[in-house]
Amino acid sequence: QVQLVESGGGLVQAGGSLTLSCEASGRTFTSACMSWFRQAPGKEREFVAAITWTEGSTQLADSVKGRFTISRDNVENMGYLQMNRLKPDDTAVYYCAARTGDILVLESYAYNYWGQGTQVTVSS
């Protein structure tokens, strides 16, 4: 099995930046996809970004393109979500998720490994 632990959430002002980290441990995968999802109170969980572990292909939601960057460190088994020019609408609990297969997948139900989530709050 794989364990995922997110960190880096907090309170920031609109226009600010924040970087989230996701540490993966346990089973080692050479072919995988790691993604970030978020969920605000009263709303459904939505896709944010995804990256394939080996080649580094990425996909971003339209709402965060140009502001967020997803990356990974294969050696340290670490995933990152760099968030810039944050908006109040970005406020949510952010989750990292992983699945086997070197393919970009945007549907949350396709992921079987999840972190505990980290709160991101953007004030106006």
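These notes cover the structure that comes with them. (Residues numbered from 1 in each chain as written. Predicted model: local features only at pLDDT ≥ 70, side-chain atom pairs only at ≥ 80, totals over all residues. Heavy atoms only, no water.)

## A few points about unusual backbone geometry
Applicable threshold: Counting from the N terminus, the helices are DSSP H or I runs at least four residues long and the strands are E runs at least two residues long. For every residue, the accessible area obtained with a 1.4 Å probe (protein chains only) is divided by the maximum for its type, and the residue is called buried under 20%, exposed over 50%, and partly exposed between those limits.
Residues other than glycine seldom take positive phi values, yet Asn77 does so here, at roughly 55 degrees. Summarising the element assignment, Asn77 is placed in the loop between strand E7 (68-73) and strand E8 (78-83). Backbone geometry at Arg85 places phi at a positive 50 degrees, although glycine is not the residue there. Summarising the element assignment, Arg85 is placed in the loop between E8 and strand E9 (92-100). For Arg85, a relative accessible area of 47% corresponds to the partly exposed category.

## Things to note about the packing of aromatic side chains
The description of an aromatic ring pair uses the distance of the two centres, along with the angle that the planes make with each other. As a reminder, the rule being used: Note on aromatic pairs: the rings of Phe, Tyr and Trp (six-membered ring only in Trp) are paired at centre separations within 6.5 Å, and the planes decide the class, stacked below 30 degrees, edge-to-face beyond 60, tilted for the rest.
By the definition in use, this model includes five aromatic pairs. Residues Phe37 and Trp114 carry aromatic rings whose centres are separated by 5.2 Å and whose planes lie at 45 degrees to one another, so their mutual orientation is tilted. With Phe37 in strand E4 (residues 32-39) and Trp114 in strand E10 (residues 113-114), the pair connects residues that are 77 residues apart, well separated along the chain. On the accessibility criterion, Phe37 (1% relative accessible area) is buried. Relative accessible area serves as the criterion here: at 27%, Trp114 is assigned to the partly exposed category. An aromatic cluster of three or more residues is present, and its members are Phe37, Phe47, Tyr95, Tyr111 and Trp114.

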